[in-house]
Amino acid sequence: MRPILPAFLSLLLGTAALAGGHPAALPGSRPEGFLPDVGSYWVATERDEFETLVLAGARPLPKLGLALRRGWLTESVVDISWLGLAETRDRPSLLLASHGLGSIGAERADAVMLGKTLGPIRLSGGLAWSGDRGWFQGRMSPLLVGRWTPEGGAWSAVLEGGRFGPVSQPRAMLTYRPLSWIEMSGGYQPGRGIITGLTLRADADGLPVPEPRPARARVAGPGRVVLGVPDRTDLARLVGRAALGTPPSRQGTVTVETHAQGLPGVRVEMLGADLERAKRLRGSPAEIARNARFSQADGPDALGTELDLTLDTRFELGPGPGDAGWVYRWTAGLEAALRPLPGIQLSLAGRVGLDDTALLLPPPGPRPVRGDLDAYAARVAGLERASLAAYARLGDGLTALLDAGYLEEMFAGAGGELEYRPFRSTWRLGLRVHQAWKREPGFGLRQDTGVTTGAVGIRQDIGDPDTVLSLAGERFLDGGWGPVAALEMRLPGGGLLEAEALLADGLAVGLGLRVPLGRFLGPVEATMAAKTKPLARDTGQRLERPLRLADLTDRIGYGRLAAGWEGLLGDPVTCAARWCRSPGPGRR
């Protein structure tokens, strides 16, 4: 098997040193009573004299850890960890783990673990149940993991013991972290011999925080400003900056109306007297909110031509179909998004292949969906998409988007989506329908491959609008149906951590991380992305469209403004943790 991590390593070299919490799990390790930091994403591999194991994991919620790995006996299995109780001074942590989901029986194992930190030592102990006889059933055995980390945190020694799934032999590992985002491991386990491992991780609090694209403001009348909100922007702070710099109208008010690329968002009407007191440090965001009025904004009557250029590098890793093993694909792309009028976007993107192991894939079937990945990866360069999108607000809380063209590398199509979001709600309903045709690796279409795909579902903010849970029923590109659950976590600096699970010919899990790196060569913005998901599969596949309606409405929603309201005047939001909700004007 060819090495699969050098490309991903090169992506992380451009980021700052990342904060390190509890070490991320290796593919062959037993569960502990702790999880890595919230918002973490990691890729790990370990190798012995017989085989190479691979794992990708994420912690998209404070209590949830997910991992997709190459199992001992199965090419693709899923591990889930639930942190029931966090460790405090007076009590240990409590973690429930279910490993090997989607595998044959011998790979399945569940565990209940307690964890406690005693100086430089972290002890985890509990009970494990091995075998596919149901949840927390099967052969029961004790489980113990001890981790000693001397002062400085660069070195750790780990001892593991107890039966967990097909693993019964004890294991001793020594790990070294020269940087907070890389961990090298070495050790010994009877039956496997010498083990070496490598882990690359990205933690939310250590990601780069580049400046977003500049906002576009236009004075639309006395005391009224129309504000274009770019992606990755603190909405409340942007509104506050515009309000403080605008003289009041004759009625003594300042009105700021927001929009995202022409799609209307929130209108905030504030008293000029409250803003003046705030300038003199005698007022507060809470006082401004008490006298402010919040409502749905109107769309801008003029916007001016906008052109956004984005250079991205993408690393995709995951299990291939059948016995292909794990494969990867590393590419770079350049996208241009032109908006000549409010609510209109033209997208054009090309992609260049840098490295891949798609040759390991088996031949595709007669009507492949993504099983013919090798034909696309073999091109040095190609047109990824060329599409036209139009979007608008149709009524109170109802928005629509229509798009058509070459929507992604493998499919062309036409269709649209609707979203219903009451103004102050934390939920929204969505409907999406497209007619799609399979693209040739060049420019042609396969006329006999038309399929109707789409979804109906609900999106719900979880405690804060930066974390969203989506539940949907989906019709996939192969014509099959299945449920999809997804989590999206917006990270500091505009990064995005994604996790999804769907049922289509079995359980499939995908994890992804997208990190903006800031301006590159003038107006070009650079981003990096890493995705772990089953590759070259024909079941459970969806369109990868360049623009979603949620990308616009979430950016300018009332919830995001309310959550960041304490930062209206430029003061930092003070929270006990990164993931808390800021006090704001409320949702009533």
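Residues numbered from 1 in each chain as written. Predicted model: local features only at pLDDT ≥ 70, side-chain atom pairs only at ≥ 80, totals over all residues. Heavy atoms only, no water.

*Asks:* What's the story with the environment of Ser470 in this structure? I'm lost.
*Replies:* Take Ser470: it is sitting in strand β26 (residues 464–475). A sequence separation of 30 residues divides Ser470 from Glu500, and the C-alpha atoms of the two residues are 9.0 Å apart. Once residues within four sequence positions are removed from consideration, Ser470 is found in contact with Ile458, Arg459, Val484, Ala485 and Ala486. Separated by 3.2 Å, the side chains of Ser470 and Arg459 make a polar contact. (Helix = DSSP H or I, 4+ residues; strand = E, 2+ residues; numbered from the N terminus. Contact = heavy atoms within 4.5 Å. Polar contact = N/O pair within 3.5 Å; in protein donor to acceptor, adjacent residues only side chain to side chain.)

*Asks:* How do you make sense of the environment of Ala562 when you look at a structure like this?
*Replies:* Inspection of the secondary structure assignment puts Ala562 in helix α7 (residues 558–563). Note: C-alpha distance between Ala562 and Ala58 (504 residues apart in sequence) is 28 Å.

*Asks:* I tried to follow the side chain of Thr357 on my own but got confused; where do I start?
*Replies:* Along the polypeptide, Thr357 turns up in the loop between β20 (344–356) and α5 (373–377). Residue Thr357 is classed as buried on the basis of its relative accessible area of 2%. At a separation of 2.9 Å, a polar atom in the side chain of Thr357 contacts the main-chain amide nitrogen of Tyr328. (Buried < 20%, exposed > 50% of the residue type's maximum accessible area, 1.4 Å probe, protein only.)

*Asks:* When you look at the packing of aromatic side chains in this model, what are you seeing that I'm missing?
*Replies:* Each aromatic ring pair is described using two quantities: the centre-to-centre distance and the angle formed by the ring planes. Scanning the model with the defined rule gives seven aromatic pairs in all. Here the aromatic rings of Phe294 and Tyr558 are separated by 5.6 Å at their centres, their planes lie at 80°, and the arrangement is edge-to-face. Of the two residues, Phe294 is situated in strand β17 (residues 293–296) and Tyr558 in helix α7; the sequence distance between them amounts to 264 residues. An identical accessibility class is assigned to Phe294 and Tyr558; each is buried. One residue, Arg122, lies across the ring of Phe34, its end atom 4.5 Å from the ring centre. One residue, Arg439, lies across the ring of Tyr406, its end atom 4.2 Å from the ring centre. (Phe/Tyr/Trp six-rings, centres within 6.5 Å; stacked < 30°, edge-to-face > 60°. Lys NZ or Arg CZ within 6 Å of the ring centre and 35° of its normal.)

*Asks:* Help me out: how do you make sense of the pattern of salt bridges in this one?
*Replies:* Any two side chains of opposite charge can pair, so long as their charged atoms come close to each other. Tallied over the entire structure, the rule returns 55 salt bridges. Note that Glu474 is salt-bridged to Arg432, the shortest N-O span being 2.4 Å. In this pair, Glu474 sits in strand β26 while Arg432 sits in strand β24 (residues 427–438), placing the two residues 42 residues apart along the sequence. Classification of Glu474 by relative accessible area gives buried; the value is 1%. Taking relative accessible area as the criterion, Arg432 reaches 23% and is therefore assigned partly exposed. What emerges from the salt-bridge pattern is a single network uniting Glu419, Arg421, Arg428, Arg459, Asp461, Glu488, Arg548, Asp551 and Asp554. (Salt bridge = Lys/Arg side-chain N within 4 Å of Asp/Glu carboxyl O.)

*Asks:* Which parts of the structure should I look at to understand the sheet that holds strand β9 (residues 155–161)?
*Replies:* In sheet architecture, strand pairing relies on hydrogen bonds along the backbone and comes in two forms, parallel and antiparallel. Taken together, the twelve strands give a closed barrel; going around it, the order is β1-β2-β3-β4-β5-β6-β7-β8-β9-β10-β11-β12, and neighbouring strands pair in antiparallel fashion. Averaged over neighbouring strand pairs, the angle between their axes works out to 20° when direction is ignored. Of the strand pairs in this sheet, strand β6 (residues 109–118) and strand β7 (residues 121–130) are connected by ten bridges, and their pairing is antiparallel. Across the sheet, Asp110 pairs through a bridge with Trp129, a residue of β7. (Pairing = 2+ DSSP bridges. Axes fitted to C-alpha atoms, helices over the stretch in contact; angles between N-to-C directions.)

*Asks:* Which parts of the structure should I look at to understand empty space enclosed by the protein?
*Replies:* To find the voids left in a structure, one rolls a probe of water-molecule size over its atoms. If you walk through the whole model with that rule in mind, you get seven cavities of 30 Å³ or more. Estimated volume of the largest cavity: approximately 380 Å³. Taken together, 32 residues form the lining of the largest cavity, with Ala25, Ser29, Arg30, Pro31 and His99 sitting closest to its centre. Those elements that place two or more of their residues in the lining of the largest cavity are β2 (52–61), β3 (64–69), β4 (77–85) and β5 (93–101). Per element, the largest residue contribution to the lining of the largest cavity is four residues, and it comes from β3. Partitioned by chemical class, the residues of the lining of the largest cavity number 20 nonpolar, seven polar and five charged. Reported here for the second largest cavity is a volume of approximately 190 Å³. Top element by residues in the lining of the second largest cavity is strand β16 (residues 263–271). It accounts for four residues. (1 Å grid on protein atoms, 1.4 Å probe; cavity = no way out; pocket = protein on both sides within 12 Å on 5 of 7 lines; lining within 4 Å. Points joined across faces, edges and corners; volume = space filled by probe spheres on them. Nonpolar A, V, L, I, M, F, W, Y, C, P; charged D, E, K, R; others polar.)

*Asks:* Explain unusual backbone geometry here, please?
*Replies:* The phi torsion of most residues other than glycine is negative, and most of the peptide bonds are trans. With a phi angle near 60°, Asp505 is a residue other than glycine that sits in the positive phi range. Of note, Asp505 is situated in the loop between β28 (496–503) and β29 (507–520). One non-glycine residue with positive phi stands out, namely Ala536, at about 60°. With respect to the secondary-structure elements, Ala536 resides in the loop between β30 (524–532) and α6 (549–553). The buried category is assigned to Ala536, whose relative accessible area is 9%.

*Asks:* Any chance you could explain the nonpolar core here in plain terms?
*Replies:* Where a protein is soluble and globular, its nonpolar side chains tend to be buried together. Within the largest apolar cluster, 33 residues are counted, with the highest numbers of intra-cluster contacts made by Val268, Met270, Leu561 and Trp565. Ranked by residue count, the leading element in this core is helix α2 (residues 235–244), at six residues. Residues contacting Leu561, with those up to four places away along its chain left out, are Leu235, Ala236, Val239, Val266, Val268 and Phe294. Val38, Leu61, Leu66 and Val78 belong to the second largest nonpolar core, which has 30 residues in total. (Core = buried A, V, L, I, M, F, W, Y, C linked by side-chain atoms within 4.5 Å.)

*Asks:* Would you mind showing me how to read the environment of Leu35 here?
*Replies:* Residue placement: Leu35 occurs in the loop between α1 (6–12) and β1 (41–47). Judged by its relative accessible area of 14%, Leu35 falls in the buried class. For the pair Leu35 and Ser295, spaced 260 residues apart in sequence, the C-alpha separation works out to 41 Å. What Leu35 contacts, discounting residues up to four positions off in sequence, is His22, Arg59, Lys63, Leu64, Gly65, Ser81, Leu83 and Leu95.

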